[in-house]
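# Results of the structural survey
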Amino acid sequence: EGCAVDSHKLNLIHQTMNNFIDASCFEQASDLASFVVDVLDDEDLKDVLLDCLDDEDTDGIVQNTIKNLERVLAKSESNSENEEGYEDAIEPVLNTIALLIAKSEGNSVSLADEFSSVLAKISEDQYPEIRLRVLTLLFNSSKTSQSQYNIFTQLVTVAKTTNQMDAILSIIDGNIDTWLKSWNVGKEKANVLYKLIHSALKDTRNSALSRKFLKKYLMSFQSSGKASLDTVKADAFSLISETLASDDLDLFPLFSLDAINNVSDTPAFKVIESIHSGDLQAYNSAIEATPDVINELGLEKSVLDKKATIMAIGKFVEGKHRVPFLEIAEGINIAVEDVEAWVVDALCAGVIDATIDDVNSVVHITRVINSKFGKEDWINLETALKQWKDKVASVLETLEEVRVAGSGVEEK
């Protein structure tokens with residue numbers, strides 16, 4: 001009758017990937033139906049599944065199982081407290097569903113979408129690790145671009161809601177752009193995924209990777225009109241705030257984003273611009289003019305003050321080689337006894353490369369990160385590249401002359 005419950009349940013509990021390959025899809029679907037009937041004890045569902053078994057409708061069994069999956073998991077969880085076997089069976093059952101979906105000839109996309117959606121919306125404390133592993137299996141066994149995008153979106157959702165983002169970090173950073181290109185899902189869906197990943201990583205220890213995906217999202221609005229850029233103002237403010245909250249002082253890339261420049265008339269922009277340019281006076285003026293901007297950015301003033309002072313040191317010593325402590329103190333208006341500590345902070349932040357002469361109270365500057373890369377810098381770079389190109393051409397010409405001369409000697 002297709003419902004010899006105990007033996008089928010034991011088969012599922014001890015099932016492995018290898019014996020899934022050996023068994024037919026229908027045999028696995030039959031075991032699946034038996035487990036569902038056993039767990040739920042639902043006569044109406046039992047009749048539906050028996051009809052599917054009579055018709056050898058594997059997809060029908062999978063579809064009805066997915067529709068009742070939340071009930072199955074909830075009941076299995078309660079049953080597992082009183083009867084051994086149910087909890088152990090959950091992962092093999094879910095794996096069976098995933099692999100049956102992969103082998104479906106006509107309904108794999110719709111079944112995969114429905115299955116991944118159900119797994120994502122289940123209570124976060126219900127089998128979190130198992131659900132993540134099963135979604136990974138479903139993703140890896142999927143053969144269509146459309147399904148892979150949808151499954152991966154749900155996979156990230158589960159990882160986010162169950163605090164398991166660390167488990168998928170290795171596949172996020174290096175693969176997303178390649179996958180999105182192969183999936184060919186378009187700008188809108190790519191942006192949905194970028195924002196989801198940014199949100200999932202925002203409160204983790206991976207703030208740099210989180211900002212990377214927010215930048216990718218905002219990059220998609222390059223060369224858009226003002227109306228379009230206005231729709232992402234909140235995201236631009238988020239990127240400004242998150243960048244200022246981080247240890248990253250390489251602020252130049254932000255100003256290449258149209259979405260950031262679109263908020264140039266706001267206090268938040270004026271604050272980050274003044275910090276970026278190393279203009280301590282402009283920074284203090286921006287803070288004094290709109291003191292509420294600190295709360296708007298969600299940061300402590302001491303954090304902003306430190307960044308502004310460090311960048312001001314970088315600007316002040318730029319182009320110099322030997323700078324006395326007193327000169328720095330007077331130049332950026334800080335106490336001379338605090339100069340050494342601030343220079344150490346600038347060194348740690350990578351704003352300058354330098355050595356400190358404690359005896360003579362002097363800083364010897366090796367390198368300074370340019371706070372700006374303007375038109376003149378581009379001209380200088382172009383000139384340097386042209387000179388390099390000319391030198392390479394001259395070397396190649398000389399080598400050719402030597403080669404020709406050598407050939408002539410051999411002929412003689």
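Up top is the structure these notes are about.
Reference entry: report on the structure contained in this document.

Cut-off values and rules
Residues numbered from 1 in each chain as written. Predicted model: local features only at pLDDT ≥ 70, side-chain atom pairs only at ≥ 80, totals over all residues. Heavy atoms only, no water. Axes fitted to C-alpha atoms, helices over the stretch in contact; angles between N-to-C directions. Helix = DSSP H or I, 4+ residues; strand = E, 2+ residues; numbered from the N terminus. Parallel < 35°, antiparallel > 145°, perpendicular 65-115°, else oblique. Left-handed = near helix turned anticlockwise from the far one by under 90°. Contact = heavy atoms within 4.5 Å. Nonpolar A, V, L, I, M, F, W, Y, C, P; charged D, E, K, R; others polar. Pairing = 2+ DSSP bridges. Core = buried A, V, L, I, M, F, W, Y, C linked by side-chain atoms within 4.5 Å. Buried < 20%, exposed > 50% of the residue type's maximum accessible area, 1.4 Å probe, protein only. Salt bridge = Lys/Arg side-chain N within 4 Å of Asp/Glu carboxyl O. Expected span 1.5 Å × (residues − 1).

### Concerning the packing of helix α10 (residues 145-161) against helix α13 (residues 186-202)
At a closest axis distance of 10 Å, the pairing of α10 and α13 adopts a crossing angle of 15°. It follows from the interaxial angle that α10 and α13 lie roughly parallel. The chirality of how α10 crosses α13 is left-handed. Listed contacts from α13 to Tyr 149, Asn 150, Phe 152, Thr 153, Val 156, Thr 157 and Lys 160 of α10 are Lys 189, Val 192, Leu 193, Leu 196, Ile 197, Ser 199 and Ala 200. For the contact of α10 with α13, the per-class residue count stands at 8 nonpolar, 4 polar and 2 charged.

### A closer look at the sheet that holds strand β2 (residues 352-357)
Ordered by their spatial adjacency, 3 strands build an open sheet running β1-β3-β2, and the pairing between neighbours is antiparallel. Across the chains shown, the open sheet's two edge strands, defined by having one partner strand only, are β1 (322-324) and β2. Each neighbouring strand pair of the sheet contributes to a mean axis angle of 30°, computed without reference to strand direction. Inspection of the sheet shows β2 paired to strand β3 (residues 362-368) by 6 bridges, in the antiparallel sense. Across the sheet, the residue bridging to Asp 353 is Arg 367, located in β3. Each of β1, β2 and β3 touches helix α22 (residues 325-332); the most contacted strand, β1, lies at about 75° to it. Packing against the sheet, helix α23 (residues 339-348) makes contact with β2 and β3, and its axis sits at approximately 145° to β2.

### Thoughts on the environment of Ser 223
Tracing the backbone shows Ser 223 in the loop between α14 (207-219) and α15 (226-230). Sequence separation between Ser 223 and Leu 257 is 34 residues, and the spatial gap between their C-alpha atoms is 9.4 Å.

### So, the nonpolar core
Buried together is how nonpolar side chains tend to be arranged in soluble globular proteins. By size, the foremost hydrophobic cluster in this structure holds 121 residues, and its most contacted members are Ile 97, Phe 115 and Ile 176. Once residues within four sequence positions are removed from consideration, Ile 176 is found in contact with Phe 152, Ile 171, Leu 193, Tyr 194, Ile 197 and Phe 213.

### Here we look at the pattern of salt bridges
Applying the stated criterion across every chain, the model contains 15 salt bridges. One salt bridge connects Lys 212 with Asp 173, and the closest N-O pair in it is separated by 2.7 Å. Of this pair, Lys 212 sits in helix α14 while Asp 173 sits in helix α11 (residues 169-173), and the two are 39 residues apart along the sequence. Overall, Lys 212 belongs to the partly exposed group, its relative accessible area being 34%. Between Lys 202 and Glu 242 there is a salt bridge, with its nearest N and O atoms 3.7 Å apart. On the criterion of sequence distance, the pair formed by Lys 202 in helix α13 and Glu 242 in helix α16 (residues 233-245) is long-range, its members being 40 residues apart.

### So, unusual backbone geometry
For Glu 56, which is not a glycine, the phi torsion comes out positive at approximately 55°. By the element assignment, Glu 56 lies in the loop between α4 (43-54) and α5 (58-67). The exposed category is assigned to Glu 56, whose relative accessible area is 57%.

### Things to note about the packing of α14 against α16
Following both chains from N to C, one finds α14 and α16 inclined at 150°, their axes separated by 10 Å at the closest point. Relative to α16, the element α14 lies roughly antiparallel. As for how α14 packs across α16, the hand of that crossing is left-handed. Two secondary-structure elements touch here, α14 through Ser 210, Arg 211, Leu 214, Lys 215, Tyr 217 and Leu 218 and α16 through Asp 235, Ala 236, Ser 238, Leu 239, Glu 242 and Thr 243. Taken together, the residues of the contact of α14 with α16 sort by class into 5 nonpolar, 3 polar and 4 charged.

### Thoughts on the environment of Asp 235
As for its placement among the helices and strands, Asp 235 is situated in helix α16. Distance from Asp 235 to Lys 195, taken between C-alpha atoms, is 9.4 Å for residues 40 residues apart in sequence. If we ignore the near neighbours within four places in the chain, the residues touching Asp 235 are Lys 195, Leu 214, Tyr 217 and Leu 218.

### Remarks on α14
Taking 1.5 Å per residue, 13 residues should reach 18 Å; α14 reaches 18 Å between its end C-alpha atoms and fits that length. Within the span of α14, buried status applies to Leu 209, Ser 210, Arg 211, Phe 213, Leu 214, Tyr 217 and Leu 218. On the buried face of α14, the contacting elements are α11, α12 (176-183), α13, α16 and α17 (258-261).

Without other data, these values stay purely geometric and don't point to any function.
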